[in-house]
Amino acid sequence: MLEDKVIEIFVNVDDFCIEFDHEIKKHLIESKKPGSRNRNSQLTDSEIISILILFHFGQFSNFKAYYNHYVSAHLNDLFPDLVSYNRFVELKKKVAVPFMLFLRFHGLGKSRGINFVDSTHIHVCHNRRIHQHKVFKNVAERGYCSIGWFYGFKLHLIINDRGELLSFFLTKGNVDDRNLKVMLNMTKDIFGKLFADKGYISQALSDLLWGNGIQLIAKPRKNMKSNLSHIDQILLRKRSIIESVNDELKNICKIVHTRHRSIDNFLINIMGALCAYSFFPKKPSLNIEFEKTSNQLYIAA
C-alpha cells in the first residue's frame, strides 16, 4: 500500500518535472565561458521532491531520522541513487522553484461556489525564547490568535466544500486576517460564497469581494443582526471543516515545528506539507452534490 503511494506521488511529480525542464531549456542562455559545466546531481529533481512530500504523511517528526532510518533503509529499492543526508539537505534548495510550481498547478483544487477561509498560526519558538531566537530574526513577528500571543507566521487558507486547498498565503504573525492585499491575492480564482469567522468582519473587505463576485459570509457578533438565509446559516455552522484541515496540516503533516535552521528549509517544509495533504485519499468534506434542473441550482447534502 505504501509502495503504491510512493509510485503515485513520484509519477505525478516526475511528469511535471519533465514538462518543467522542457520549458526551461527553451529559455536558457548558453554560457560563452570556456570550461563551464552543468552537471546533473545524482538524485533527480522528481526524486528529491517525492522524498520531501513523503516525509509529511505522519510517520516521522524529524526529517533526519526519516531520511536515515526509513528512506535509506526501506526505500532504497525505489530510490537506488540515494545520497548522504548532508548532501540531500544541500540539494533541497535547488528544487524550490519546481516544487512551488508543482504545488501551484497540481496541489490545488477548484472552487465550486462554496468556500471557507481561515488562518492558522505557525510559531517558530517558545515565547520565552523570542529574544534568543536567531533564525527568523527580523523576519517573524509577534501575533495574537485564539490561544494567545505567539512569535512566527500566519498561514492563510481557502478550501472548497470537498476539503481541497484552493489558495494559500504566508504572512508575518502580526498581519490582520482582513488585510485587503492578502485577501485580494487569495480570491483571484474564487467565486460564489466565502464563509469565515468573526475575525473577517469588515465592510471594506466585504465590498471589495462583492465587487469581484464573492459574497463574504461571517458569523455575526452578539450586537449584530443576522439576515442570513437558512442555507447560509447551515453552511456557516459547517465552517469547522477548515479547522479540521488546519488540524491535519499540523498534527499529521507536521507543518509546525521549532527546529528550522534556515528560512529555506522552513518554506520547503510548508510546501511539502501542503503537497502531502493534496495526496490524502480522504479529506474533510461536506458531501454536497450540485444538481442543475430547469436552469436552477439545488444543493443536496
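Participant: Help me understand the pattern of salt bridges, please; the structure alone is not making it clear to me.
Facilitator: Two side chains of opposite charge can pair, provided their charged atoms sit close to one another. Tallied over the entire structure, the rule returns 12 salt bridges. For Asp118, the salt bridge identified is with Arg239, shortest N-O distance 3.8 Å. You can see Asp118 sitting in strand S1 (residues 114-123) and its partner Arg239 sitting in the loop between helix H8 (230-237) and helix H9 (240-251), a full 121 residues away along the chain. Of the two residues examined, Asp118 and Arg239, each falls in the buried class. In this structure, Glu243 engages Arg239 in a salt bridge whose closest nitrogen and oxygen atoms are separated by 2.6 Å. The class for Arg239 is buried, based on a relative accessible area of 10%. Through salt bridges with shared partners, a single ionic network connects Asp118, Arg239 and Glu243.

Participant: How do you make sense of the packing of helix H2 (residues 45-54) against helix H5 (residues 96-106) when you look at a structure like this?
Facilitator: Between two packed helices, both the angle of their axes relative to each other and the distance between the axes serve to describe the pair. Orientation of H2 relative to H5, taken along the N-to-C sense of each, is 60 degrees, at an axis distance of 10 Å. By the angle class used here, H2 and H5 are oblique. You can see that H2 and H5 cross each other, and the crossing is right-handed. Taken together, the residues of H5 that come into contact with H2 (itself represented by Ile49, Leu52 and Ile53) are Pro98, Phe99 and Phe102.

Participant: Mind showing me how you'd approach the packing of H9 against helix H10 (residues 263-278) here?
Facilitator: Contact geometry of H9 with H10 gives a least axis separation of 10 Å together with a crossing angle of 120 degrees. With respect to H10, the element H9 is oriented oblique. For the pair H9 and H10, the sense of crossing is right-handed. Together, Val245, Glu248 and Leu249 of H9 and Ala273, Leu274 and Tyr277 of H10 make up the contact between the two elements. A class-by-class count of the residues in the contact of H9 with H10 yields 5 nonpolar, no polar and 1 charged.

Participant: What's the story with a positive patch on the surface in this structure? I'm lost.
Facilitator: Positive charge collects at one region of the surface, where Lys198, Lys219, Arg221 and Lys222 lie side by side. Looking at the element boundaries, Lys198 is found in the loop between strand S5 (192-196) and helix H7 (203-211).

Participant: Help me understand H10 in this model?
Facilitator: The periodicity of an α-helix, 3.6 residues per turn, causes residues three or four places apart in sequence to face the same way. For H10, with 16 residues, the first-to-last C-alpha span of 23 Å sits near the 22 Å given by 1.5 Å per residue. Along H10, the residues that are buried comprise Asn265, Phe266, Ile268, Asn269, Ile270, Met271, Gly272, Ala273, Leu274, Cys275, Ala276 and Tyr277.

Participant: Would you explain unusual backbone geometry in this entry?
Facilitator: At Asn138, a position not held by glycine, the phi torsion is positive, near 70 degrees. Located in the positive-phi region is Lys254, a residue other than glycine, with phi close to 55 degrees. With respect to the helices and strands, Lys254 occurs in the loop between H9 and H10. Here Lys254 falls in the buried class, since its relative accessible area comes to 19%.

Cut-offs and rules
- Residues numbered from 1 in each chain as written.
- Predicted model: local features only at pLDDT ≥ 70, side-chain atom pairs only at ≥ 80, totals over all residues.
- Heavy atoms only, no water.
- Salt bridge = Lys/Arg side-chain N within 4 Å of Asp/Glu carboxyl O.
- Helix = DSSP H or I, 4+ residues; strand = E, 2+ residues; numbered from the N terminus.
- Buried < 20%, exposed > 50% of the residue type's maximum accessible area, 1.4 Å probe, protein only.
- Axes fitted to C-alpha atoms, helices over the stretch in contact; angles between N-to-C directions.
- Parallel < 35°, antiparallel > 145°, perpendicular 65-115°, else oblique.
- Left-handed = near helix turned anticlockwise from the far one by under 90°.
- Contact = heavy atoms within 4.5 Å.
- Nonpolar A, V, L, I, M, F, W, Y, C, P; charged D, E, K, R; others polar.
- Patch = residues over 30% accessible without salt bridge, like charges linked within 9 Å, V, L, I, M, F, W, Y side chains within 5 Å.
- Areas by Shrake-Rupley, 256 points an atom, 1.4 Å probe, with all protein chains shown as cover.
- Lys, Arg positive; Asp, Glu negative; His and termini not counted.
- Charge placed at Lys NZ, Arg CZ, Asp CG, Glu CD.
- Expected span 1.5 Å × (residues − 1).

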